[in-house]
Amino acid sequence: MPKITKIEPKIKALPQRKKVAAYARVSMETERLHHSLSAQVSYYSELIQKNPEWQYAGVYADEGITGTSTMKRPEFQRMLADCEAGKIDIILTKSISRFARNTVDLLETVRHLKELGIEVRFEKEHINSLSGDGEVMLTLLASFAQSETESISNNVKWGIRKRMQAGLPYANGHMNVYGYRWESDEMVIVPEEAAIVRRIYQNFLDGKSRQETEKEFAAEGIKTRAGAPWVDSNLKVILTNVTYTGNMLYQKEYIADPITKKVKKNRGELPQYYVENTHPAIISKETFDYVQAEMARRRELGCFGNKALTLNCFSTKIKCGQCGRSFVRSTRRNRAKMSRLGEKYTFWACTSHKKTNCSSCSSGTIRESVLKEECAKVLGIPEFDEDIFSERVERITVPESGTMIFEFTDGTTLEHHWYRNAKKESWTEENRKRASQYRRRHPVTRDDITCFTTKIRCEECGCNYRKQTCVMADGHQNAYWKCADKKNHPGKSLREDHLKEIINEVLGLDEFDEQVFLERIDHISVRNLTHLTFHFTDGSTAERDYEYSKEGVPWTDERREKQTEAIRDSFTPERRKKISENMKRIRSEKHWSSKRK
């Protein structure tokens, strides 16, 4: 009988719709351009949704943001993130200039999207990024877009400079100046802020340093316009801004590159324009000029022009022989890793170590007490004297650790060597004991640190118990805790899983909880590895017995046979011969020593 098989008709699969999104951008926040952006969003939303082969994935729109950088456009970055998440297959955009005006950014972005299999369509230029000649055309047209940006920037700069030459108060734009606010195109004084500006100038005229004013404002809770504390750099800007005299100095800074928009200080590269009486003054021009002269005088004096600094006879006199910087005075404790233990001491070190942590500068540090002793030896005086040192020593150069070159005021020089022994001297027996106690209570930060670290202590020797692991025959690991004093307590240990069972019983827990253990138990003291005393954080204690047992997996006959074969195979003829020779030598030595007795 013939076999009959029914062949069902194939159902044609529906084509999968592409996920399509659009990107729009305008670079200025104006009412006209806002309408333009809205029109773009509406246009693309309608275009995508009426195409039956497309699935609407949204419209991403940045308003009032430049196209020279992709990093500062939040909607653009959100679109890229959605592309990487597989939410978009095609991106529509009006033109290359709307997508990016920076050639490098454009090509990097398009190439990245190409790797993801995402197509970018530029309507104005009729370019598809996945086509054969798409990248070539993009490179050429993106270069034109970047050149257009640079041309626009140059035109804007020309217009600004023309306004500067005309002396218009808004030539630099409505820049934000503390103490003033803009009303239309006029600068108006803000009384509360102007009072702070006058106080800053008055403090400086009274001889106070900027650091002193900073501390004064912090104590009184005086903040900047942005609500931040006043710092030295803010105060310097106030004290050097000629705008507070009612005059303006234009083009103090300029944008060197319209693409990166990096602002540079004008140090003579471009002309500046000084315009008088453009707005009300907060301070007089005479006061401003006096402050500038005083700042120059203090700058020339260096650190001695700053009253806020604590200086002595060594300040500015000790120079690094490797980098040429001055040594500065610092204070630290004996042991940096145990700051609560050591006594404070003062030392001198090259500025590079303090500011930039320069590892290449090996001039080292000098304790102030040692520095005074060595200076007294060189000067030939029984005890260090600041007046004698200042009178006779012009400079000390430190080319390397342990060497000092003295330059005297009479023109002579002397190379002096000294031995650096500060670490050894500071490591006294008392400090060793305190450091040991500190380490027992403060474990280092490592991956193997657990809640039991520093919590289990031996009653006999006071040492902490340390963690060890052992791989069992069945492959799993057991954790054990042993006393750090291996000589007096060899072999014996607490098994961690058994210890956790006892802790659960003491704390009334069904399952061990590290957080509860740390909160309620201060430490566990162990006596003879058979008696545990739990010391709680509230001062109470609880005692439990610990049964020491060495558990293991019984050996099977197969394992015994395998082990026997391994031992037998390890005894090769060479090894047997070597063992025999060693035994003969040992017997002969014992026989010789017994004869001597």
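Now for a quick tour of the structure. (Residues numbered from 1 in each chain as written. Predicted model: local features only at pLDDT ≥ 70, side-chain atom pairs only at ≥ 80, totals over all residues. Heavy atoms only, no water.)

## Overview of the overall build of the protein chain
Inference 1: Of the regular secondary structure elements, the protein chain holds 18 helices and 25 strands.
Inference 2: A total of 597 residues make up the protein chain; the buried ones form 36% of that total. (Helix = DSSP H or I, 4+ residues; strand = E, 2+ residues; numbered from the N terminus. Buried < 20%, exposed > 50% of the residue type's maximum accessible area, 1.4 Å probe, protein only.)

## Here's the deal with the pairing of strand S16 (residues 393-400)
Inference 1: Inspection of the sheet shows strand S12 (residues 318-320) paired to S16 by three bridges, in the parallel sense. Paired with Ile318 across the bridge in S16 is Ile396.
Inference 2: One ladder, built from five bridges, connects S16 with strand S17 (residues 403-408); its direction is antiparallel. Residue pairing for S17: Glu400 is matched across the bridge by Thr403.
Inference 3: The hairpin formed by S16 and S17 contains two residues between the paired strands, and Gly402 there has a positive phi angle of roughly 95°. (Pairing = 2+ DSSP bridges.)

## A few points about a nonpolar patch on the surface
Inference 1: A cluster of nonpolar side chains, namely Ile567, Phe571, Ile579, Met583 and Ile586, defines an oily patch on the protein surface of about 370 Å² accessible area.
Inference 2: The greatest single-element share of the nonpolar patch, amounting to three residues, is contributed by helix H18 (residues 573-596).
Inference 3: When you line up the elements, Met583 lands in helix H18.
Inference 4: Judged by relative accessible area, Met583 falls into the partly exposed class, the value being 36%. (Patch = residues over 30% accessible without salt bridge, like charges linked within 9 Å, V, L, I, M, F, W, Y side chains within 5 Å. Areas by Shrake-Rupley, 256 points an atom, 1.4 Å probe, with all protein chains shown as cover. Salt bridge = Lys/Arg side-chain N within 4 Å of Asp/Glu carboxyl O.)

## With respect to the sheet that holds strand S24 (residues 531-536)
Inference 1: Read from one edge of the open sheet, four strands run S19-S23-S24-S25, paired in mixed fashion. Among the strands making up the open sheet, the edge pair consists of strand S19 (456-458) and strand S25 (541-545). On average, each strand axis in the sheet is tilted by 25° relative to the strand beside it, whichever way the strands run.
Inference 2: In this sheet, S24 lies alongside strand S23 (residues 521-527) in antiparallel orientation, the contact comprising six bridges. (Axes fitted to C-alpha atoms, helices over the stretch in contact; angles between N-to-C directions.)

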